[in-house]
Amino acid sequence: MDFDRHALAQRALDARRNAYAPYSDYPVGSALLTTSGAIYTAASVENADYPATICAPNGAFLNAVSEGQRDFVALAIATRDGDPPCGICRQVITEFAPNLTILLVNESGTIEELPFAAVMARPFGTHPA
Amino acid sequence: MIARYDAQQLARLAVEAAQRAYVPYSGYHVGAALLTADGTIFTGCNIENAAYPAIICAERTAISKAVSAGQRDFVAIAVCTDNAGTPCGICRQVINEFNRTLSVIITTPEQIAYETTLDALLPRAFGPEKLEHK
């Protein structure tokens, strides 16, 4: 399914502005595109109890799945330097979208596109041995 | 760091640890054995909870025990499951914090399935260097 990379990246950059990151000073925004064309966004939301922090990609999946969406095309993640998702988010992606297209977006809007499989080998969950 | 280790011994300890798993919900037993640079081995099992987010995996149990005991230099980890399952994303993230190239032995109760490394399982990991801007 083709989609507008720059539009999805921009939604992630917009979401990043809502990040609550007083502890890490590492704001993250994410935008998740469904096969129906809907886009769900989220920002990283930290907490004084660090484990209660929710990452932006994870938040985008929570938003989408809570609204009945389970078919996903692409996920844009906006950080200062265009960094990859953490292992927790990779596990969440594994559950719902092992074939997802990932867009890593830096704060200048530069996009790096890669298949999810490039950052999660032999995932636990979808591919039993 | 390249260190010699006895994969069979680590795997055997992981198999034993899996027998101690508390898994009333999934029935999925996991055991881990973590070797430190000084030769100490810490084992762990998965410990489930009625509130699923409170569950901790075997790998993180072993790492938590090791770090709590003052150990941070790890050489290898063996992980035992019935179906040669791999560490989940959370455990990969936690391992990456301490050793991005840790040797990982995947085993079943019967035999070692294969050996790999953390960086092979979690390419381009999100690590501590990403927060060094502070």
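The structure this text deals with has already been given above.
Read on for a plain summary of the structure.

### Some remarks on the interface of chain A and chain B
Much of the literature gives interface size as the accessible area that the parts lose upon coming together.
Working step 1: Across the boundary between the two partners, chain A contributes 25 residues, which contact 22 residues of chain B.
Working step 2: Summing the contributions of chain A and of chain B, the shared interface buries around 2,000 Å²; its carbon and sulfur component is 58%.
Working step 3: Three residues, Tyr26, Arg122 and Phe124 of chain A, lead the burial of chain A against chain B; their summed loss comes to 27% of the area buried on that side.
Working step 4: Between Glu112 of chain A and Arg124 of chain B there is a salt bridge, and its shortest N-O distance comes to 2.5 Å.
Working step 5: Here chain A is connected to chain B by 11 residue pairs in polar contact (both at pLDDT 80 or more).
Working step 6: The element contributing the most residues to the side of chain A that touches chain B is helix α3 (residues 87-96) of chain A, with 4 residues.
Working step 7: Residues belonging to the side of chain A that touches chain B are distributed by class as follows: 16 nonpolar, 3 polar and 6 charged.

### Concerning the nonpolar core
Grouped burial of nonpolar side chains is what soluble globular proteins tend to show.
Working step 1: One finds Leu32, Phe61, Leu75, Ile93, Leu100 and Ile102 of chain A together with Leu34 of chain B to be the most contacted residues of the largest nonpolar core, which totals 46 residues.
Working step 2: Contact partners of Leu75 of chain A, with chain neighbours within four places excluded, come to Leu8, Ser30, Ala31, Leu32, Pro57, Phe61, Ile93, Leu100, Thr101, Ile102 and Leu103 of chain A.
Working step 3: Leu8, Leu13, Ala76 and Val105 of chain A belong to the second largest nonpolar core, which has 13 residues in total.

### Some words on the packing of aromatic side chains
Working step 1: Under the definition given, this model contains 7 aromatic pairs over all chains.
Working step 2: An angle of 65° between the planes, with centres 5.4 Å apart, marks the rings of Tyr26 of chain A and Phe126 of chain B as edge-to-face. Taken as a pair, Tyr26 of chain A in the loop between α1 (5-16) and β1 (29-34) and Phe126 of chain B in the segment after α4 (118-121) lie in two separate chains rather than in one. The exposure classification of Tyr26 of chain A matches that of Phe126 of chain B, with both residues buried.
Working step 3: Positioned above the aromatic ring of Phe3 of chain A is the side chain of Arg5 of chain A, whose terminal nitrogen or guanidinium carbon lies 4.0 Å from the ring centre.
Working step 4: Here the basic side chain of Arg122 of chain A rests over the ring of Tyr114 of chain B, its NZ or CZ set 3.8 Å away from the ring centre.

Rules used throughout
Residues numbered from 1 in each chain as written. Chains lettered and ligands numbered in written order. Predicted model: local features only at pLDDT ≥ 70, side-chain atom pairs only at ≥ 80, totals over all residues. Heavy atoms only, no water. Contact = heavy atoms within 4.5 Å. Buried area = accessible area lost by both parts, 1.4 Å probe. Salt bridge = Lys/Arg side-chain N within 4 Å of Asp/Glu carboxyl O. Polar contact = N/O pair within 3.5 Å; in protein donor to acceptor, adjacent residues only side chain to side chain. Helix = DSSP H or I, 4+ residues; strand = E, 2+ residues; numbered from the N terminus. Nonpolar A, V, L, I, M, F, W, Y, C, P; charged D, E, K, R; others polar. Core = buried A, V, L, I, M, F, W, Y, C linked by side-chain atoms within 4.5 Å. Buried < 20%, exposed > 50% of the residue type's maximum accessible area, 1.4 Å probe, protein only. Phe/Tyr/Trp six-rings, centres within 6.5 Å; stacked < 30°, edge-to-face > 60°. Lys NZ or Arg CZ within 6 Å of the ring centre and 35° of its normal.

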